[in-house]
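One-letter residues, chain by chain:
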Amino acid sequence: MPANDHSEYNPMPSEDLLDEVAQSIAGVDYAKLSPDHRAIVFGLAIQTEIGASLHHAAQWFKLSKLWEGV
């Protein structure tokens, strides 16, 4: 596979996550939102995914021995 092949990379949040965020904010499915509200939910879903990734990294740093003696 060439280095610039992005065929396996999918930047879209999953439909389940989009529906979950839409339900928690507006109490409706993602498909029932207006385009403006979909953009807001999409942004929040991406932030949710990033936050989950950062949480795992933060836990690793917290439990690592890298900061001992600093």
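Trainee: Which residues make up the packing of aromatic side chains, and what are the values?
Mentor: For the structure shown, the criterion picks out one aromatic pair. Here Trp60 and Phe61 contribute two aromatic rings whose centre-to-centre distance is 5.0 Å and whose plane-to-plane angle is 80 degrees, an arrangement assigned as edge-to-face. The class for Phe61 is partly exposed, based on a relative accessible area of 37%. Above the plane of the ring of Tyr30 lies Arg38, whose end atom (NZ or CZ) is 5.5 Å from the centre.

Trainee: Describe the nonpolar core, naming the residues involved and giving the relevant values.
Mentor: Of all hydrophobic cores here, the largest spans eight residues; its members are Leu17, Leu18, Val21, Ala22, Tyr30, Leu33, Val41 and Ala45. Only helix H1 (15-26) and helix H2 (35-63) provide two or more residues apiece to this core. Every residue in contact with Leu17, bar those within four places of it in the chain, is listed here: Ala45, Thr48 and Glu49.

Criteria and cut-off values
Residues numbered from 1 in each chain as written. Predicted model: local features only at pLDDT ≥ 70, side-chain atom pairs only at ≥ 80, totals over all residues. Heavy atoms only, no water. Phe/Tyr/Trp six-rings, centres within 6.5 Å; stacked < 30°, edge-to-face > 60°. Buried < 20%, exposed > 50% of the residue type's maximum accessible area, 1.4 Å probe, protein only. Lys NZ or Arg CZ within 6 Å of the ring centre and 35° of its normal. Core = buried A, V, L, I, M, F, W, Y, C linked by side-chain atoms within 4.5 Å. Helix = DSSP H or I, 4+ residues; strand = E, 2+ residues; numbered from the N terminus. Contact = heavy atoms within 4.5 Å.

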